[in-house]
Amino acid sequence: CVPAGTHCFEMTGGAGGDAGATFGSKNFARLVNIKTEVTMAAVALGYTALLVDGDIVFLQNPLPLMDRTVDLNIQDDAEGGRNSGFMFCRPTPWSLALLARSLAVAQAARDMRQQPAVNKALEELGKGKTPFTVKVLSQEQYPCGKRYFESPVRRMFYWEHPCE
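Report on the accompanying structure. Only a predicted model underlies this, so the values are computations on that prediction, with no experimental measurement involved. (Residues numbered from 1 in each chain as written. Predicted model: local features only at pLDDT ≥ 70, side-chain atom pairs only at ≥ 80, totals over all residues. Heavy atoms only, no water.)

With respect to the pairing of strand E3 (residues 82–89)
Counted only if it meets this: Only protein chains enter the accessibility calculation, which uses a 1.4 Å probe; a residue whose area is less than 20% of its type maximum is buried, one above 50% is exposed, and one in between is partly exposed. For the purposes of this entry, the term helix denotes a DSSP run of H or I that reaches at least four residues, the term strand denotes a run of E that reaches at least two, and both are numbered from the N terminus. A pair of strands is treated as paired once DSSP finds two or more bridges between them.
Of all 8 residues making up E3, 7 are buried, and the element is well covered by its neighbours. Relative to E3, strand E1 (residues 49–52) is paired through 4 bridges, and the arrangement is antiparallel. Counterpart to Val52 in the pairing with E3 is Phe86. Bridge analysis of strand E2 (residues 72–76) against E3 gives 5 bridges, and the strand direction is antiparallel.

Observations concerning the sheet that holds E2
Using the following cut-off: Every angle, taken between N-to-C directions, lies between 0 and 180 degrees, and every axis is a line fitted to C-alpha atoms, over only the stretch in contact when it is a helix. Only heavy atoms matter for contacts: two residues are in contact if any of them lie within 4.5 Å across the pair.
On the basis of which strands lie adjacent, the open sheet formed by 4 strands has the order E1-E3-E2-E4 and mixed pairing. Across the chains shown, the open sheet's two edge strands, defined by having one partner strand only, are E1 and strand E4 (134–136). The mean inter-strand angle of the sheet, taken between neighbouring strand axes irrespective of direction, is 25 degrees. On top of the sheet, helix H3 (residues 114–127) reaches E1, E2, E3 and E4; it is set at about 70 degrees to E3, its chief contact.

With respect to the packing of aromatic side chains
Applied cut-off: Two aromatic rings from Phe, Tyr or Trp, using only the six-membered ring of Trp, form a pair when their centres are within 6.5 Å; if the ring planes differ by under 30 degrees the pair is stacked, by over 60 it is edge-to-face, and anything between is tilted.
On inspection of all chains with the given rule, the structure shows 2 aromatic pairs. Geometrically, the ring pair formed by Phe58 and Phe86 is edge-to-face, given 6.2 Å between the ring centres and 65 degrees between the ring planes. One end of the pair, Phe58, is in the loop between E1 and E2; the other, Phe86, is in strand E3, and 28 residues separate them in sequence. Judged by relative accessible area, Phe58 falls into the partly exposed class, the value being 41%. Seen from their ring centres, Phe86 and Tyr142 are 5.5 Å apart, and the 40 degrees between their planes marks the pair as tilted.

A look at helix H2 (residues 93–109)
Structural remark: α-helix, 3.6 residues per turn; residues separated by three or four positions point the same way. Put simply, the test is: The span one expects for a helix is its residue count, reduced by one, times 1.5 Å. Taking the helix axis as origin, the arc is that swept by the directions to the C-beta atoms.
The end-to-end C-alpha separation of H2 is 24 Å, in line with the 24 Å expected for 17 residues at 1.5 Å each. Inspection of H2 places Ser95, Leu98, Leu99, Ser102, Leu103, Val105 and Ala106 among the buried residues, and these make up the whole buried set. Down the axis of H2, the buried set is contained in an arc of 160 degrees. They therefore lie on one face. For H2, exposure combined with an orientation more than 90 degrees from the buried face picks out Pro93, Gln107 and Ala108. Downstream of H2 by a residue or two, Arg110 has a phi angle that is positive, lying close to 70 degrees.

A word on the pattern of salt bridges
Cut-off, in case you're wondering: Any carboxyl oxygen of Asp or Glu that lies within 4 Å of a side-chain nitrogen of Lys or Arg is treated as forming a salt bridge with it.
According to the stated counting rule, one finds 5 salt bridges in the structure shown. Among the ionic pairs, Asp53 bridges to Lys35, the shortest N-O distance being 2.6 Å. With Asp53 in the loop between E1 and E2 and Lys35 in helix H1 (residues 26–44), this pair connects stretches of sequence that are 18 residues apart. Arg82 is the salt-bridge partner of Asp76, the closest N and O atoms lying 2.6 Å from each other. What you see here is one network of salt bridges that share partners, running through Arg101, Lys120 and Glu124.

Keep in mind that these numbers describe shape and distance, not what the molecule does.
Structure representation (structure tokens):
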């Protein structure tokens, strides 16, 4: 069910397809950075954008809990930094600046994935005296995969044998 007025876009592969886009490869980095390009285009057009990776599971609608007084709501990453697989970007100049800087960082490194690029851009924007505002989402309400599957107890995947 998609609420009225909501636009969804499914990314199934880059312009060159996703062949050879194994984790850690330059093709993988190129492919995942397309998410930032699409999000930036939506924000530039005046839309509030929710970027959600395909491995995110919703147990309830997250939109009512988003803070609409800040430029960016972003998921915390259990290993330090922020998880760019769940970002709620409002159409502000500072959200656009973050997305543009993330792309520039990723393009300069050529093999940098989206999440490290977003984290580097967040770090750079945080150093200056900018009015850029970020809300880091609660790990209890928005756990990243590592926290959800491994903490406080290890959850099982369907293919794992419970006695091994």
